[in-house]
Amino acid sequence: MSAGVWPAGRTVTMCRVLLSFASRSVPLLGRADWLAEWEGELWALARRGESRLALVRFALAGLSEARWEKRMEEGTMNGIAQDIRLALRGFGRTPGFALVVIAVLTLGIGANTALFSALKATLPSSSPYPGADRLVMVDLLFEKTDGAPADTAPWSYPKFEVAKQGLGLVTPLAGYASQTGTLTGVGGAARIGVEYVTPAYLELLGVRPVVGRAFDATEEVPNPALVVILSHTLWQSRWGGDPGVIGETLRLNGTPLEIVGVLPSGFRGASGAADLWVPMAATSTIQGAWRLRRPFAHWFQAIGRLAPGSGLADAQAQAKQAGAAVDAAYPDPSGKGEVGPQGVAVVPFLRARVNPLARAAVTAVSIGAVLLLLIACANVASLLLARATARGSDQAVRAALGAGRGRLVRESLVESMLLSITGGVLGIAFAAASQRLVSTAVRNALETAGTRGLQYIDPATLGMDGSVLVAGVGFALLTGLLAGLWPARLASKPDLTHDLRAATGSVGRRREWPSGRGLLVAGQLALTLVLLAGAGLMAASLGGLRRIDAGFSNTGVLSLRFERGRSATAEENRVFEEQLVQTASRLPGVVSVSTGVCAPLTGRCEVAGVRQVDDRTTAEPGGGVLAYDVSQDYFATLGVRLVEGRTFDGTDRTDAPPVAVINETAARTLFGTSPAIDHRIAITRSLTDGRMARVIGVVADVRYAGLETAAMPAVYFSRSQSMQGYGTLFVRTAGDPYGLVDAVRGVTMSLDPELPLYDVVSLADLRARQEARTRVLLALLAGFAGTGLLLSAIGLYGIVAWSVSRRRKEMGLRLVLGAPGRDIIAIVMKRPLLLAGTGIASGVVAALGLTRLVRGLLFEVSPSDPRVLGVAAGILLAIAAIAAWIPARRVNRIDPATALRSD
Amino acid sequence: MSPRRMGAGTTSILQAIATGHKHGADIMAVTGQGGGTVYKVLRRLEIRELIEGAWEDAEVAEAERRPRRRYYRLTAEGRSRLSMAVESNRGVRHGSVGPAEPERSR
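Notes on the structure in this doc start here. Small disclaimer: the values here were computed from a predicted structure and weren't measured.

## Here's the deal with the overall build of chain B
Here comes step 1: Across its full length, chain B holds five helices and two strands.
Here comes step 2: Buried residues in chain B amount to 46% of all 106 residues.

Rendered as structure tokens:
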């Protein structure tokens, strides 16, 4: 086209430049035609003598139209809708693929979403109280002389008074003790949670009664105010929410208390378990004057609020002086300087209420869930990559014809996003459904932990709220991006020459090992190894816990706690217990019945010091001895092995000389290798009045404090010689222990209608609770590891199958040339196994780094235990070999004739 | 593609082509619509195969010493769709040709 055909004039030239510029937006395929057409029309307009303005407007319209052509090709809204239709049609053609991917993503996103809410609950920020960031726990400290971290202890009332005087920067400061008590006087007797608190407690936590009043300053020690405030729940269940309840009386452990108020619904105290609040001053009446008088009776916690304008550091500085004052007022009575000075610590409430073990556990599982999601991403990416590669020639043709890169990238992303959003929606539903499971698991895992009488994590806070939903959606989008980006990048850079030639059949496919997929599979194997190692460590820990001999046989034994009011005399209690044991023994199915202080594995029961052994006064053995009063058949009922001598019998009564049975640790500590029988010991405890008792037997160690805590020296006394008003009833049966609960309750009701039995649990369950955290962690990590294993096996299988189908011709040739099938399988399997090896090796390195994070959750196994890592690597390698061998084996079925004729 | 109502702008462009205005510039002049609008509609009609575009003979353009021009004509489908649209428009708005109104697509 010569310039001569164009009318002269700057406007026309400018318009042509404009159009030529505009044409660059037009996809390559139609660009020349587009420009020619628009120039043709421009010529016609100019020829017709249109105004300059009209020509310029026409050229500008061309500019906008060219952009529109581009958008049409890449598609804006229209294009995305088309892409979605395209993707859906693709999934419809391969529903198996789509279903597998969605299932994988549902699991990955669901697990992460569910754990996100658990993780959120363990963050120090979640608190039910207003202004909780200024709340502090004030602890009593016992320093160690050897420089080890100090022991935190509860307060005694006299020490609390001293500390309170010195802690002006923590005000108000309140004491509280979380206990259980027997409620009578309204409906049936029940065991309920009670918090004994100083009057400032409720105001401190920002709670006001909905009916009646709070405690007032007159209800402070020493005024023994016998009043009580109810929880909303108790008010509703026992009084039907009647506002006239104020002024009525209920009985707590037999002591009448006047109801003065009702607290708002949802508030259960710092312990999260209280139904009654009673002024601490009333304990001197309800439980005994010693509660408030003895400086070394440590039994309650202190919580306070930082005074306006003072910071944590100021309060901590002041606590140092307060600690010195406490120590000066009540120095160590032994005066031997074996224990260090006492102190006071101020700890932020929000930090104190996070259970470090639970946090570690939730963190460990969350890491596991993230690893699983990464495996799922890699898996989906690898599947999408396979599709993208299969479509490679198609993409190349389209790219050559001018389809923009953006368009090709978007198609891949739309696919992965569709899958991940579907997975995300299902995952969030899955998380919501598993919420109860998670909160139960978390609650069980927390059962064994708990200091300071603080409720650590309120399982009720585990719920689907906005942030959890946002997290779920976030996980879904992130997954879509992660899984789709790589295939998208690949799709956007098609190897045009190669793929086009492949499409026309002029060259064979050369890329035998798509490096992208190989890397993804290796990565999946590495992540799976970390999960397997985590599960392995938990399995090893659980195995260790299972092997522990706790000293008792836990099958068929039920334990039930009881506490008689203070009104009964020792003699009345003895008669009651003897009748209880006798009547319960006659119940059908019961093998034996006995009473003791507390059930094994529940706590340290009562600790005392050894005062005298034979003729010499002794130093306390290892922090004291357990003092434990048991009835006649206790050792038989719990199946505790008698090592030497005898256990208690009917002759060991009040009027007989005191006798004692000791455990093996006590025998070893007190008497070394010499026989313990007939030695005489006395311990510092009021109930036996410090009398010397003759040792009549030695029994095996029983773990009372907890499964992971070695037994401490224990001295058992005959309950007939040392009666208490409270204890635990043990019932051994040949059948299901829980089948006896109603019958045993019936027996106690007939003997004492106002005596509830509480903490009813079988010894087997007590033991199971100790293993719960480890078991839950094992179950979750093993589940993740299993899923990861399956996914990476599928990934490896896919890549080998693909490779085999690609190399049919070569394999056929080898067969024709006489290579044995075995050799060909070896050739095919060499690279996948190398790949698996690389993945596993890097997994081992990653595991060495990551498993250290769970150190605190392990029992008697090192985080880098070589056996665990070895077994994990072995399992993974075996699975990888099988996954590679199944498709590799198919080369044997290749018919050389067909293979050679194929492309 | 399912039959759907055509906008008045689209109908008028189809009508212009049917009455022999086969080039973009002519269509613009007859319908009074801008170049951008006209060409967008032409592209869509081409995709829907209601019209087809073709290049005029190179020799003709050469002889007349001007650039080649692209022209459009109705397909059979286009013709029937146009008469349907005219029918229904007659019912609704008595055949009036309204202002340009970009066709909505799904």
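Further notes follow.
## Topic: the pattern of salt bridges
Here comes step 1: Under the defined criterion, the tally for this structure stands at 30 salt bridges over all chains.
Here comes step 2: With a closest N to O distance of 3.2 Å, A:Glu771 and A:Arg546 form a salt bridge. Residue A:Glu771 is found in helix 23 (residues 763–806), and its partner A:Arg546 is found in helix 18 (residues 515–547); the two are separated by 225 residues along the sequence.
Here comes step 3: Close ionic contact of A:Arg641 with A:Glu664 constitutes a salt bridge, the shortest N to O distance being 3.9 Å. One end of the pair, A:Arg641, is in the loop between helix 20 (634–638) and strand 18 (642–645); the other, A:Glu664, is in helix 21 (residues 664–671), and 23 residues separate them in sequence.
Here comes step 4: For A:Glu664, a relative accessible area of 27% puts it in the partly exposed group.
Here comes step 5: One salt-bridge network, held together by shared partners, links A:Glu37, B:Arg43, B:Glu46 and B:Arg70.

## Let's talk about the pairing of strand 12 (residues 557–563) of chain A
Residues and elements named next belong to chain A.
Here comes step 1: Burial analysis of strand 12 places five of its seven residues in the buried class, which makes it a mostly covered element.
Here comes step 2: Bridge count for strand 12 against strand 24 (residues 758–762) is three bridges, and the pairing is antiparallel. Across the sheet, Leu-558 pairs through a bridge with Ser-762, a residue of strand 24.

## Regarding the packing of aromatic side chains
Here a ring pair, both rings aromatic, is described through the centre-centre distance and the interplanar angle of the planes.
Residue and element names in this part refer to chain A.
Here comes step 1: A complete count under the given rule lists 22 aromatic pairs over all chains for this structure.
Here comes step 2: Here Tyr-157 and Phe-300 contribute two aromatic rings whose centre-to-centre distance is 6.1 Å and whose plane-to-plane angle is 45°, an arrangement assigned as tilted. Pair noted here: Tyr-157 is in helix 6 (residues 157–166) and Phe-300 is in the loop between helix 10 (290–293) and strand 10 (301–306), with a separation of 143 residues, a long-range link.
Here comes step 3: Taking the relative accessible area as the measure of exposure, Phe-300 reaches 0% and is therefore buried.
Here comes step 4: Each residue in the set Tyr-628, Tyr-634, Phe-635, Phe-648, Tyr-704, Tyr-716 and Phe-730 is aromatic and connected to the rest through ring pairs, giving one cluster.
Here comes step 5: For the cation-ring pair, Arg-564 lies above Phe-576, with the distance from its terminal atom to the ring centre recorded as 4.2 Å.

## Some remarks on helix 26 (residues 866–888) of chain A
Here comes step 1: With 23 residues, helix 26 of chain A extends 32 Å between its outermost C-alpha atoms, agreeing within 8% with the 33 Å of an ideal straight helix rising 1.5 Å per residue.
Here comes step 2: Along helix 26 of chain A, the residues classified as buried are A:Val868, A:Leu869, A:Ala872, A:Ala873, A:Leu876, A:Ala880, A:Ala883, A:Ala884, A:Pro887 and A:Ala888.

## Observations regarding the nonpolar core
All names here are of chain A.
Here comes step 1: Among the nonpolar cores identified, the biggest contains 82 residues, and Leu-419, Met-538, Phe-784, Leu-796, Val-828 and Val-891 are the most heavily contacted of them.
Here comes step 2: Filtering out sequence-adjacent residues up to four positions away, Met-538 remains in contact with Thr-774, Leu-777, Leu-778, Leu-781, Val-854, Leu-857 and Leu-858.
Here comes step 3: Within the second largest apolar cluster, 49 residues are counted, among which are Ala-153, Leu-250, Ile-259 and Leu-276.

## Quick notes on unusual backbone geometry
Here comes step 1: A:Pro172 follows A:Thr171 through a cis peptide bond whose omega is 0°.
Here comes step 2: Structurally, the position occupied by A:Pro172 is in strand 3 (residues 170–184).
Here comes step 3: Although it is not a glycine, A:Asn253 adopts a positive phi angle of roughly 50°.
Here comes step 4: Positive phi values are uncommon outside glycine, yet B:Arg65 reaches one of about 50°.
Here comes step 5: Relative to the elements of secondary structure, B:Arg65 occurs in the loop between helix 4 (58–63) and strand 2 (70–74).
Here comes step 6: Accessibility expressed as a relative area gives 51% for B:Arg65, which makes it exposed.

## A look at the sheet that holds strand 23 (residues 726–733) of chain A
Residues and elements named next belong to chain A.
Here comes step 1: Spatial strand order, 13-23-12-24: four strands in an open sheet with antiparallel pairing. A strand with exactly one partner marks an edge of an open sheet, and here the two such strands are strand 13 (590–596) and strand 24. Strand after strand, the sheet turns through a mean of 15° between neighbouring axes, direction not considered.
Here comes step 2: Sheet topology places strand 13 next to strand 23; six bridges connect them, and they run antiparallel. If you follow Ser-594 over to strand 23, its bridge partner there is Phe-730.
Here comes step 3: Across the sheet, helix 19 (residues 570–585) lies against strand 12, strand 13 and strand 23, angled at about 160° from strand 13, the strand it touches most.
Here comes step 4: Lying on the sheet, helix 23 is in contact with strand 12, strand 23 and strand 24; it crosses strand 24 at an angle near 90°.

Here is what the cut-offs are and how they apply
- Residues numbered from 1 in each chain as written.
- Chains lettered and ligands numbered in written order.
- Predicted model: local features only at pLDDT ≥ 70, side-chain atom pairs only at ≥ 80, totals over all residues.
- Heavy atoms only, no water.
- Helix = DSSP H or I, 4+ residues; strand = E, 2+ residues; numbered from the N terminus.
- Buried < 20%, exposed > 50% of the residue type's maximum accessible area, 1.4 Å probe, protein only.
- Salt bridge = Lys/Arg side-chain N within 4 Å of Asp/Glu carboxyl O.
- Pairing = 2+ DSSP bridges.
- Phe/Tyr/Trp six-rings, centres within 6.5 Å; stacked < 30°, edge-to-face > 60°.
- Lys NZ or Arg CZ within 6 Å of the ring centre and 35° of its normal.
- Expected span 1.5 Å × (residues − 1).
- Core = buried A, V, L, I, M, F, W, Y, C linked by side-chain atoms within 4.5 Å.
- Contact = heavy atoms within 4.5 Å.
- Axes fitted to C-alpha atoms, helices over the stretch in contact; angles between N-to-C directions.

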